[in-house]
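Here's the letter readout for the chains.
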Amino acid sequence: MALVETTFQNAYQALDKVLLGRNIFISKFVNLYGCSIDDDCKIGSFVEIQKDVIIGKKCKICTNIVLCSGVTIGSECFIGNGTIFINDKYPRSTNLLGSLETFPDWQDRFVRTVVGNNVSIGSNCTILGGISIGNHAVIGAGSVVTKNVPAGEVWAGNPAKKLYDVSYLLKREEEKIKSALLTKVARYLRYYFLRCFE
């Protein structure tokens, strides 16, 4: 499906030259400009998505998030509340002449960030610029990511470090599901047998 350019503003939302796919939910109190959001995404309240940001299909961008210029997010990603992406290696307020910096002043410090597909980033993370987060990676809440995260790994901390592979989490979840299923089956059988002998 082709993306459609949209410009819209009211008291609650500002969208300026945003490319939108189908079935997009955008909450109130958002500021989106010059970005691209593919099909079936949800954008929470108090979110700013700046120019040149690309968001893939079926992503959930929670509340209080800043996706600064130069961020690319793959499909089926979760970005938790309060997560901030940074695109300037050495941010400054003023240039050498004492004037407020504009893009030409800091364009040589500008860095891009790439987030792969099926990535989950917990709440209140800081993602420094110039890194990539591989497919199926998980970033724990409150982490400060300072270097590349390989695909399929779970990272957390300040600075974030590898804890284990995602396969470990999947095994734990599989065990929980099996346990819950067995518990339900046992309850059903108990109920069934009790009813049979009434």
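Refer to the structure above for everything that follows.
Small disclaimer: the values here were computed from a predicted structure and weren't measured. (Residues numbered from 1 in each chain as written. Predicted model: local features only at pLDDT ≥ 70, side-chain atom pairs only at ≥ 80, totals over all residues. Heavy atoms only, no water.)

### Focus on the overall build of the protein chain
Step number 1: Each helix and strand in the protein chain was counted, giving 2 helices and 21 strands.
Step number 2: Against the globule reference of 16 Å for 198 residues, the protein chain gives a C-alpha radius of gyration of 21 Å, more extended than a compact globule.
Step number 3: Viewed in the frame of its principal axes, the protein chain has a C-alpha envelope of about 90 × 40 × 30 Å.
Step number 4: Residue pairs in contact within the protein chain that sit at least 24 positions apart in sequence constitute 15% of those at least 6 positions apart.
Step number 5: Total accessible area computed for the protein chain in this model is approximately 11,800 Å², and 56% of it derives from carbon and sulfur atoms.
Step number 6: Across the protein chain, 23 positive and 18 negative side-chain charges occur, with their mean positions spaced 8 Å apart. (Helix = DSSP H or I, 4+ residues; strand = E, 2+ residues; numbered from the N terminus. Rg over C-alpha atoms; globule rule 2.2 N^0.38 Å. Contact = heavy atoms within 4.5 Å. Areas by Shrake-Rupley, 256 points an atom, 1.4 Å probe, with all protein chains shown as cover. Lys, Arg positive; Asp, Glu negative; His and termini not counted. Charge placed at Lys NZ, Arg CZ, Asp CG, Glu CD.)

### Digging into the packing of aromatic side chains
Step number 1: Under the criterion given, the structure shown has 4 aromatic pairs.
Step number 2: Between Phe103 and Trp106, the ring centres sit 5.1 Å apart and the planes meet at 80°, which makes this aromatic pair edge-to-face. Of this pair, Phe103 and Trp106 both sit in helix 1 (residues 103–106), 3 residues apart, which is roughly one turn of that helix.
Step number 3: Judged by relative accessible area, which is 36%, Phe103 ranks as partly exposed. (Phe/Tyr/Trp six-rings, centres within 6.5 Å; stacked < 30°, edge-to-face > 60°. Buried < 20%, exposed > 50% of the residue type's maximum accessible area, 1.4 Å probe, protein only.)

### Notes on the pattern of salt bridges
Step number 1: Under the defined criterion, the tally for this structure stands at 5 salt bridges.
Step number 2: Ionic pairing is found between Asp88 and Arg109, a salt bridge with its closest N-O pair at 2.9 Å. Within this pair, whereas Asp88 is found in the loop between strand 13 (84–85) and helix 1, its partner Arg109 is found in the loop between helix 1 and strand 14 (113–115), the two being separated by 21 residues in sequence. Each member of the pair, Asp88 as well as Arg109, carries the same accessibility label: buried.
Step number 3: Between Lys162 and Glu153 there is a salt bridge whose closest N-O contact spans 3.6 Å.
Step number 4: The buried category is assigned to Glu153, whose relative accessible area is 12%.
Step number 5: Among the charged side chains, a salt-bridge network with shared partners connects Asp88, Glu101 and Arg109. (Salt bridge = Lys/Arg side-chain N within 4 Å of Asp/Glu carboxyl O.)

### As for the pairing of strand 4 (residues 30–33)
Within a regular strand, side chains alternate between the sheet's two faces.
Step number 1: Residues of strand 4 alternate between two faces, with Val30 and Leu32 buried on one and Asn31 and Tyr33 left unburied on the opposite face.
Step number 2: Relative to strand 4, strand 2 (residues 13–20) is paired through 4 bridges, and the arrangement is parallel. When the bridges of strand 4 are listed, Leu15 appears paired with Leu32.
Step number 3: Note: strand 4 against strand 7 (residues 47–49), 3 bridges, orientation parallel. In the sheet register, Leu32 faces strand 7, and the bridge partner there is Ile49. (Pairing = 2+ DSSP bridges.)

### A few points about a nonpolar patch on the surface
Step number 1: Together, Tyr12, Phe29 and Phe46 make up a nonpolar patch on the protein surface, roughly 320 Å² of accessible area in all.
Step number 2: Counting through the fold element by element, Phe46 comes out in the loop between strand 6 (42–43) and strand 7. (Patch = residues over 30% accessible without salt bridge, like charges linked within 9 Å, V, L, I, M, F, W, Y side chains within 5 Å.)

### Focus: the pairing of strand 21 (residues 160–165)
Step number 1: Note that strand 20 (residues 153–157) and strand 21 share 5 bridges and pair antiparallel. Bridge pairing in strand 21 links Glu153 to Asp165.
Step number 2: In this antiparallel pair of consecutive strands, strand 20 and strand 21, the connection spans 2 residues.

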